[in-house]
Amino acid sequence: MSTAFVVLAALCWGLSGGIGGVLMADGWDPFVVSLYRGAIGLVFVLAWLALRPRGSGLSNRWLWFWSAVAGLGVAGNFAFYFLSIAEGSVAVAATLMYCAPVFVYLVSFALKLERPTALKWVAIAMVMVGVVLLTQIYETGAGGVTPVGVAAGLLSGLSYAVFIFGFKYAAPHGTPQAILVIAFAVLAAVLVWPGDTEQTLAVLSTPSWPLFAVLGVLGAGLSFILYIVGLNHTAPAVASIVAMVEPVTASLFGVVVLSESLAALQILGMALILLTVTALSVSSSPKYAPP
């Protein structure tokens, strides 16, 4: 059941990318879409904290600091992800975001938290080759994927890595629900500024509001709760493998619903990234003991 929770969370995140693509195809600003995704998520985690307030750690200043770092990370992840979709495609954006573990490794190498090995460097190089094939940056006239889309996709992965580090260092000081409440509150405070003000207010009365609601529930509210609850009883190696559900679901949504297409070399690059990152995550996962 716990593994099923992780799968459902990844499925929800994959679908949220496609729903965001639909909204932006209708003219909605990526920052507005990101803001509402996080704001609706905030409502869910507030309810979770209200139901389970014990040991929240909200009086601990380190919880607030690291949770705020996690909030900046998730804000960047949401915003850059949707910007990448707007500038390219759901499949490319989702796969580039899946490169997040590579950024985690690079930061860990720099902070001496992880020991670099030849195998890890080879894996990182293979991911870079996959990115080149997926984005087709070797073709000067490649259509469909812009430099802004590529940069935003990679930045979404980097931002997710920041969220991972922030959440990791906040965890000893409080509960997951308290961390997420602070993180999503920071997200809302940050993303309310770059978005289109008229669109931000228009969401409340638009016929598209059900899509925004579904995006928030699947993309931030329900999914984060399912993921954290499931992760407590799931081996890290298993979680790494089932996380592939997210980019695969997002890519299928883009192809089937949004009529996006991928060339053969792009599919090869996508496969190279997904398989390498998953193998890298599995090989580095600590041995799992049931709690």
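The structure under discussion appears in the preceding block.
Residues numbered from 1 in each chain as written. Predicted model: local features only at pLDDT ≥ 70, side-chain atom pairs only at ≥ 80, totals over all residues. Heavy atoms only, no water.

1. So, the nonpolar core
No. 1: One finds Val74, Phe78, Phe163, Leu180, Phe184, Leu187 and Phe224 to be the most contacted residues of the largest nonpolar core, which totals 31 residues.
No. 2: Counting residues per element, the ones that place at least two in this core are α1 (2–25), α2 (30–51), α3 (61–87), α7 (147–170), α8 (176–191) and α10 (209–231).
No. 3: Here the element with the most residues in this core is α8; it accounts for ten residues.
No. 4: In this structure phenylalanine 78 touches Ser34, Arg37, Gly38, Phe184, Leu187, Gly219, Ala220 and Phe224, once residues within four positions along its chain are discounted. (Core = buried A, V, L, I, M, F, W, Y, C linked by side-chain atoms within 4.5 Å. Buried < 20%, exposed > 50% of the residue type's maximum accessible area, 1.4 Å probe, protein only. Helix = DSSP H or I, 4+ residues; strand = E, 2+ residues; numbered from the N terminus. Contact = heavy atoms within 4.5 Å.)

2. A word on a nonpolar patch on the surface
No. 1: Together, Val43, Phe44 and Leu222 make up a nonpolar patch on the protein surface, roughly 240 Å² of accessible area in all.
No. 2: Here valine 43 is to be found in helix α2.
No. 3: Classification of valine 43 by relative accessible area gives exposed; the value is 55%. (Patch = residues over 30% accessible without salt bridge, like charges linked within 9 Å, V, L, I, M, F, W, Y side chains within 5 Å. Areas by Shrake-Rupley, 256 points an atom, 1.4 Å probe, with all protein chains shown as cover. Salt bridge = Lys/Arg side-chain N within 4 Å of Asp/Glu carboxyl O.)

3. With respect to the side chain of arginine 37
No. 1: Within the element layout of this structure, arginine 37 appears in helix α2.
No. 2: One buried charged residue, arginine 37, remains without a salt bridge, the closest side chain of opposite sign being glutamate 246 at 5.7 Å.
No. 3: Apart from residues no more than four positions distant in its own chain, arginine 37 is found in contact with Trp13, Ser16, Phe78, Tyr81, Phe82, Leu215, Gly216, Gly219 and Ala220. (Lys, Arg positive; Asp, Glu negative; His and termini not counted.)

4. Side note on the packing of aromatic side chains
No. 1: Evaluation of the coordinates by the stated rule reveals 15 aromatic pairs.
No. 2: Their ring planes at 80 degrees and their centres at 5.0 Å tell us that phenylalanine 65 and tryptophan 66 sit as a pair that is edge-to-face.
No. 3: The exposure class of tryptophan 66 is partly exposed, given its relative accessible area of 23%.
No. 4: Their ring planes at 85 degrees and their centres at 6.0 Å tell us that phenylalanine 163 and phenylalanine 224 sit as a pair that is edge-to-face. With phenylalanine 163 in helix α7 and phenylalanine 224 in helix α10, this pair connects stretches of sequence that are 61 residues apart.
No. 5: Residue classification places phenylalanine 224 among the buried positions, given a relative accessible area of 6%.
No. 6: An aromatic cluster of three or more residues is present, and its members are Trp13, Phe78, Tyr160, Phe163, Phe167, Phe184, Phe224 and Tyr227. (Phe/Tyr/Trp six-rings, centres within 6.5 Å; stacked < 30°, edge-to-face > 60°.)

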